[in-house]
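Here is what each chain is made of, one letter per residue.
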Amino acid sequence: MKLSKKLKIVCLPPVSNKNPYQYLMMEGLKKNKKLHVITGFSSRYIGIILSAIIFRPNYIHFDWINKYYLKKNAFISSIYIPWFFFQIFFITKIMKINVVWTMHNLLPHDSKQIKINKYVQRFFINKCKWIRVFSHLTIPKVLEEYKIKNEKILAIPEGSYVGYYPNNISEFEARKKMGLEKEKTFLYLGTIKPYKGITNLIKNFSKIRKDNVKLIIAGKVTNSDYLYKINKCINNNSNIILINRFIKTDELQVFFNSADAVILPFNNIENSGSAILAMGFAKVIICPNLGVLPNRLKKQTEFLYENDFIMKIKKVLDTDKIKLSKIGKMNLNELKKYKWSDFGNYFLN
């Protein structure tokens, strides 16, 4: 009896344990016994074409393609862009390799090169066999922006981070470590960049005039000018605590388990690993009614906002801990619907 040959998939940019999304995505693909999953070469200049020639895969799956063509120096970008075009043309038309792209957002969040990104992404999309987005709510936006056929876009939610991060500390222990007692505590945790709306969060939270309320902002501020603006907004408000550093893996449970609610004040978003992470810690989440969030957080729509989130903060303050805990557990249960391994099935169709 002849054994069927496995479908070979190369994943780019290279996966790293430092990026839990990429690591879990690849581990999910590997659970499908019909797939052979490989990490591509790391070079930003020849990694694509080298991965294609050396591994000869059936598919190359991409996550963030802007790493291959967009540089801080405009002259260098002008060299990388045509070279990226050539590599994609070569692997799809000459080598006949299928290209698949997970579109995390319509455009990279913190890039000011909007026209360049749209130009390159239009070219790239036309060379893809299909594109993955995380929610059916994103599909109309992609169709409108890039004028492509509906069947070329697949909505495949990402899995959860439950089990990846430690979570064995109680609320009491977590609050003790954080130096919190009975305060209603709100948490933002993640890399701190301008597009994530932190200064707007601080300005709104400062309107809350209660001593027993705390806002913890935890994560590395990536820009010194933005750090200055944040500190200026805080203005010695003792109810707002900025922890400006990278939060280690084993610390996450301390931060999340000491919080009554998580706030994600994004200005614009399609998908949010931060929301999925918070759901895994059974948290109520205050966030905009954008992208994948209304679908993933369908059990707590009363905490999604359209414009101003100050009313949602007040709603958490007016809700007792037992009810908040119940809503958080519903968020946790919602995660069971989605598995990382679901993604692999679409390569076999």
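To be clear, the structure that these remarks concern was listed above.
Residues numbered from 1 in each chain as written. Predicted model: local features only at pLDDT ≥ 70, side-chain atom pairs only at ≥ 80, totals over all residues. Heavy atoms only, no water.

Comments concerning the overall build of the protein
The number of helices and strands found in the protein is 13 helices and twelve strands. For 349 residues, the compact-globule estimate of 2.2 N^0.38 gives 20 Å, and the protein sits close to it at 22 Å. In the protein, which comprises 349 residues, the proportion classed as buried is 52%. The contacts of the protein with a sequence gap of at least 6 include a subset with a gap of at least 24, amounting to 73%. Here the protein displays about 17,700 Å² of accessible surface, and carbon together with sulfur accounts for 53% of that area. Taken as two groups, the 58 positive and 24 negative side-chain charges of the protein have centres that lie 9 Å from each other. (Helix = DSSP H or I, 4+ residues; strand = E, 2+ residues; numbered from the N terminus. Rg over C-alpha atoms; globule rule 2.2 N^0.38 Å. Buried < 20%, exposed > 50% of the residue type's maximum accessible area, 1.4 Å probe, protein only. Contact = heavy atoms within 4.5 Å. Areas by Shrake-Rupley, 256 points an atom, 1.4 Å probe, with all protein chains shown as cover. Lys, Arg positive; Asp, Glu negative; His and termini not counted. Charge placed at Lys NZ, Arg CZ, Asp CG, Glu CD.)

A few points about the sheet that holds strand E6 (residues 153-155)
Across the sheet, which stays open at both edges, the six strands sit in the order E2-E1-E3-E4-E5-E6 with parallel pairing between neighbours. A strand with exactly one partner marks an edge of an open sheet, and here the two such strands are strand E2 (35-39) and E6. Between one strand axis and the next, the sheet turns by 25° as a mean value, whatever way the strands run. In terms of strand pairing, strand E5 (residues 130-133) meets E6 through three bridges, oriented parallel. From the neighbouring strand, Arg132 faces E6, where its bridge partner is Leu154. Strand contacts of helix H2 (residues 47-55): strand E1 (7-12), E2 and strand E3 (59-62), with the helix running at about 160° to E1, the strand carrying the most contacts. (Pairing = 2+ DSSP bridges. Axes fitted to C-alpha atoms, helices over the stretch in contact; angles between N-to-C directions.)

Describing the nonpolar core
Within the largest apolar cluster, 75 residues are counted, with the highest numbers of intra-cluster contacts made by Phe186, Phe256, Ile285, Ile313 and Phe347. Excluding its chain neighbours within four sequence positions, the residues that come into contact with Phe256 are Leu187, Leu189, Val262, Leu277, Ala278, Phe281 and Lys283. (Core = buried A, V, L, I, M, F, W, Y, C linked by side-chain atoms within 4.5 Å.)

Notes on the pattern of salt bridges
Enumeration over the complete set of coordinates arrives at ten salt bridges. Residues Lys298 and Glu334 are paired through a salt bridge, measuring 3.8 Å at the closest nitrogen-oxygen approach. Of this pair, Lys298 sits in the loop between helix H11 (293-296) and strand E12 (304-305) while Glu334 sits in helix H13 (residues 321-334); the two residues are 36 residues apart in sequence, bridging distant segments of the chain. Lys298 gets classed as partly exposed once you look at its relative accessible area, which sits at 36%. Judged by relative accessible area, which is 4%, Glu334 ranks as buried. (Salt bridge = Lys/Arg side-chain N within 4 Å of Asp/Glu carboxyl O.)

Considering helix H8 (residues 224-234)
Taken as a whole, H8 has its buried residues at Tyr226, Ile230 and Ile234. Relative to the axis of H8, the buried residues are bounded by an arc of 80° and lie together on one face. Projecting away from the buried face of H8 at angles above 90 degrees are the exposed residues Ser224, Asp225, Tyr228 and Lys232. Tucked inside the fold, the buried residues of H8 contact helix H7 (198-205) and strand E9 (240-243). Two to three positions downstream of the cap, the backbone nitrogen of Asp225 sits 2.8 Å from a side-chain oxygen, assigning the N-cap of H8 to Asn223. Asn235 sits one or two residues past H8 and shows a positive phi near 50°. (Arc of directions from axis to C-beta. Polar contact = N/O pair within 3.5 Å; in protein donor to acceptor, adjacent residues only side chain to side chain.)

Concerning the state of the cysteines
With the rule as written, the count across this model stands at zero disulfides. This cysteine, Cys11, is not joined by any disulfide, and Cys128 carries the nearest cysteine sulfur, 14 Å off. In this structure Cys11 comes out as buried when scored by relative accessible area, which is 2%. For Cys128, a relative accessible area of 5% puts it in the buried group. (Disulfide = S-S within 2.5 Å.)

What to know about the packing of aromatic side chains
Throughout the structure, instances matching the rule amount to 27 aromatic pairs. Ring centres of Tyr68 and Phe84 lie 6.4 Å apart, and the angle between their planes is 15°; on these two criteria the pair is classed as stacked. Within this pair, whereas Tyr68 is found in the loop between E3 and helix H3 (74-94), its partner Phe84 is found in helix H3, the two being separated by 16 residues in sequence. Taken as a pair, Tyr68 and Phe84 share a single burial class, namely buried. For the ring pair Phe186 and Phe205, a centre distance of 5.7 Å and an interplane angle of 70° mean the geometry is edge-to-face. Here Phe205 lies in helix H7 and Phe186 lies in strand E7 (residues 184-189), a separation of 19 residues in the sequence. By relative accessible area, which is 0% here, Phe186 ends up buried. Ring pairs connect the aromatic residues Tyr21, Tyr23, Trp64, Phe134, Tyr161, Tyr164, Tyr165 and Trp340, which therefore count as one cluster. One cation-aromatic arrangement involves Arg44 over Tyr68; the distance from NZ or CZ to the ring centre is 5.9 Å. In this structure, Arg132 is placed above the aromatic ring of Phe343, and the distance from its NZ or CZ to the ring centre is 4.2 Å. (Phe/Tyr/Trp six-rings, centres within 6.5 Å; stacked < 30°, edge-to-face > 60°. Lys NZ or Arg CZ within 6 Å of the ring centre and 35° of its normal.)

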